[in-house]
Amino acid sequence: MAATGSAPRERRDTQNTPAAPETPETPETPETPETPDTQRTRLIGGPGMLLVWLYGVMVVGAVSRSAVQISTEFGHAPLAYSLSAVAGLVYGFITYSLVRGGETARKAALVCCAAELLGVLVVGTWTLVEPSAFPDATVWSDYGMGYLFIPVLLPLSAVYWLRKGSAGDR
Amino acid sequence: MLDVLTVATAVAALLLAAWCGWAAYRDQPTKDWHFIGMAVVSLLALVQLVVGIVQLARGEKPEQGTTVFVAYLLGAVACVPVAGFMSLAERTRWGSVTVAAGGVVLAVLQVRLHDIWGG
C-alpha cells in the first residue's frame, strides 16, 4: 500500500520540477526582488540616454512654459496652459522612470508614453478641428509642430526602446 | 540683442551637432576634442547670457517679456554642458548622439531668443 502510494508521488515530484507550478515562477520571482535595489534594469544605456536627454529638454520646456503662462496670463487660455502643465508632469514622470530603471518603472513609463501619445494625438487633432478653443498654443498643438514634432516622435521611439529593453535583458 | 553673437552661437552649435553626429556615425564616443568644442559653444552661450543681462540692466526690454528671455538665456547656457555630462556617463556612440541633439536644441533656442528679443 505504502509502496504503491509513494512511487507515483515520487515520480510526479521529479516530473513536476521542470514542468508545472513552480518552474514558471522561479525565473521570475528571484529577478523581481533583485531588480529593485541591487540590479535594476538599466533603462538609460545606449539610446536610452538620448531619450532621457530629449525628455529632460521637454520637461524644462513644458514646465517652465506653463509656469510662466499660468502665473502671468492664465485667464487668456486656461485650457491650453493647463494642458501644457499636464504634459510637463507626464514628461517629468517618464524622465524619472527612465533614470530610476527597474521593471516597475519600465511598465509605468510605457503606460505614460501611451498616455502621452494619446494626448498628442487628441490635442493635436482638437487644435486643428476647433482652433477657437485654444487662443494660445500648447506643447501638443498641431501634433507638436512648434517643437519640431518631437512630442509625437518621442513616445513612439520611447515605447519601441522600452519594449526592446524588456526582450533584450532577459 | 546682439545679432552677430546669436548667429555665431547658433552656427557653432550646429557645427558641434554635425561633428558629434559624425562621431556617432563612425560609432565613436565623445573625445577630448569634442569636449573642447562643447566648451567653446558653452562659452559663447555664457557670453550671450552676460550680454543679455547687461542689455536688460541698461533698460532695454525684450518684446516677449524679461522672465521668458532670462529663462531662455539660462537654458541656452545649461544645454550643452548637461548633454556633455550625459555623454560622459554613456561612453558609446549614443553619448555622441546626445551631444549632437544638444547642439540642435541650442540652435533652436537661439532662434527663439531672437524672436523673444523682437528682431
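Throughout this document, residue positions are counted from 1 along each chain, in the order its sequence is written. Written order decides the labels, with chains lettered from A and ligands numbered from 1. Residue-level local features of this predicted model are given only where pLDDT is at least 70; pairs of side-chain atoms are given and counted only at 80 or more, and the full residue set underlies all totals for whole chains, interfaces and linings. Remark: hydrogens and water are excluded; side-chain values derive from all non-hydrogen atoms of the structure.

Chain B goes by Integral membrane protein in an unreviewed UniProt entry, where it is assigned to Streptomyces phyllanthi.

### A look at the overall build of chain B
Working definition: helices are DSSP H or I runs of at least four residues, strands are E runs of at least two. Numbering for both runs from the N terminus. The helix and strand tally for chain B stands at four helices and zero strands. In chain B, the order of α-helices and β-strands from amino to carboxyl end is α-α-α-α. Taken over C-alpha atoms, the radius of gyration comes to 15 Å for chain B, in line with the 14 Å a tight globule of 119 residues would show. Across its three principal axes, chain B shows a C-alpha extent of roughly 50 × 20 × 20 Å. Should any heavy atoms of two residues lie within 4.5 Å, those residues are considered in contact. Contacts spanning at least 24 positions in sequence make up 81% of the contacts within chain B whose residues lie at least 6 apart. Radius of gyration means the value over C-alpha atoms here, while the globule rule gives 2.2 Å times the residue count to the 0.38 power.

### As for the overall build of chain A
Counting its secondary structure elements, chain A contains six helices and zero strands. Listed by position from the N terminus, the elements making up chain A come as α-α-α-α-α-α. Any residue under 20% of the maximum accessible area for its type is buried, any over 50% is exposed, and the rest in between are partly exposed; the area is computed with a 1.4 Å probe on protein chains only. Here chain A, with 170 residues, has 35% of them falling under the buried criterion. Here the contacts in chain A between residues at least 6 apart in sequence split such that 68% fall between residues at least 24 apart.

### Quick notes on the packing of aromatic side chains
All names here are of chain A. Two aromatic rings, drawn from Phe, Tyr or Trp (for Trp, its six-membered ring), form a pair once their centres lie within 6.5 Å of each other, and the interplanar angle then sorts them: stacked below 30 degrees, edge-to-face above 60, tilted otherwise. Taken as a whole and assessed by the stated rule, the structure comprises five aromatic pairs over all chains. Taken together, a centroid distance of 5.2 Å and an interplanar angle of 90 degrees make the contact between W126 and F134 edge-to-face. F134 gets classed as buried once you look at its relative accessible area, which sits at 8%. Cluster of aromatic residues (ring-pair linked, three or more members): Y55, Y91 and W140.

### With respect to the UniProt feature "transmembrane region" (unreviewed entry) in chain B
UniProt positions are given in the numbering used here, feature names are shortened, and annotations may be inferred rather than shown by experiment. The positions UniProt marks with the feature "transmembrane region" (unreviewed entry) are residues 33-57, 69-88 and 94-113 of chain B. Annotated as residues 33-57 of chain B, this span is 100% helix and 0% strand, and its ends, taken at the C-alpha atoms, are 36 Å apart.

### Description of the interface of chain A and chain B
In this complex, chain A contributes 13 residues to the contact, which on the side of chain B involves 15 residues. Interface area lost by chain A to chain B is led by M49, L50 and W53 of chain A, which between them contribute 55%. We define a salt bridge as a contact between a side-chain nitrogen of Lys or Arg and a carboxyl oxygen of Asp or Glu at a distance within 4 Å. Linking chain A with chain B are one salt bridge, by the criterion used here. A salt bridge links R42 of chain A to E90 of chain B; the nearest nitrogen and oxygen atoms lie 3.7 Å apart. In protein, a polar contact means a hydrogen-donor-capable atom and an acceptor-capable atom, both N or O and within 3.5 Å, with residues adjacent in sequence counting only if both atoms are side-chain atoms; elsewhere, any N or O pair within 3.5 Å suffices. Along the contact surface separating chain A from chain B lie two residue pairs in polar contact (both at pLDDT 80 or more). Buried area is understood as the total, over both parts, of accessible area removed when two parts are fitted together, assessed with a 1.4 Å probe.

### Considering helix α2 (residues 32-57) of chain B
Residue and element names in this part refer to chain B. Between its terminal C-alpha atoms α2 stretches 37 Å, which fits the 38 Å expected from 26 residues at 1.5 Å a residue. Looking at α2, one finds that the buried residues are H34, G37, M38, V41, S42, A45, Q48, L49, V51, G52, Q55 and L56. On its buried face, α2 sits against α1 (3-25), α3 (66-89) and α4 (93-117). In this analysis, the expected span of each helix is defined as 1.5 Å times one less than the number of residues it contains.

### Brief notes about the nonpolar core
Each nonpolar core is a collection of buried residues, namely Ala, Val, Leu, Ile, Met, Phe, Trp, Tyr and Cys, held together in the definition by side-chain atoms within 4.5 Å. Core analysis: the largest hydrophobic core is formed by 51 residues, its most contacted members being W53, Y55, Y91 and L98 of chain A together with L106 of chain B. Counting residues per element, the ones that place at least two in this core are α3 (47-73), α4 (78-100), α5 (103-129) and α6 (150-169) of chain A together with α1, α2, α3 and α4 of chain B. No other element matches α3 of chain A, which puts 10 residues into this core. Among all residues touching Y91 of chain A, those that are not within four sequence positions of it are Y55, M58, V59, A62, E116, V139, W140 and P151 of chain A.

### Remarks on the state of the cysteines
By convention in this document, the label disulfide applies to cysteine sulfur atom pairs within 2.5 Å. With the rule as written, the count across this model stands at zero disulfides over all chains. Cysteine C113 of chain A shares no disulfide, and the gap to the nearest cysteine sulfur, in C112 of chain A, comes to 7.1 Å. A relative accessible area of 0% means that C113 of chain A is categorised as buried. C20 of chain B forms no disulfide, and the closest cysteine sulfur to it belongs to C79 of chain B, at a distance of 12 Å. Taking relative accessible area as the criterion, C20 of chain B reaches 0% and is therefore assigned buried.

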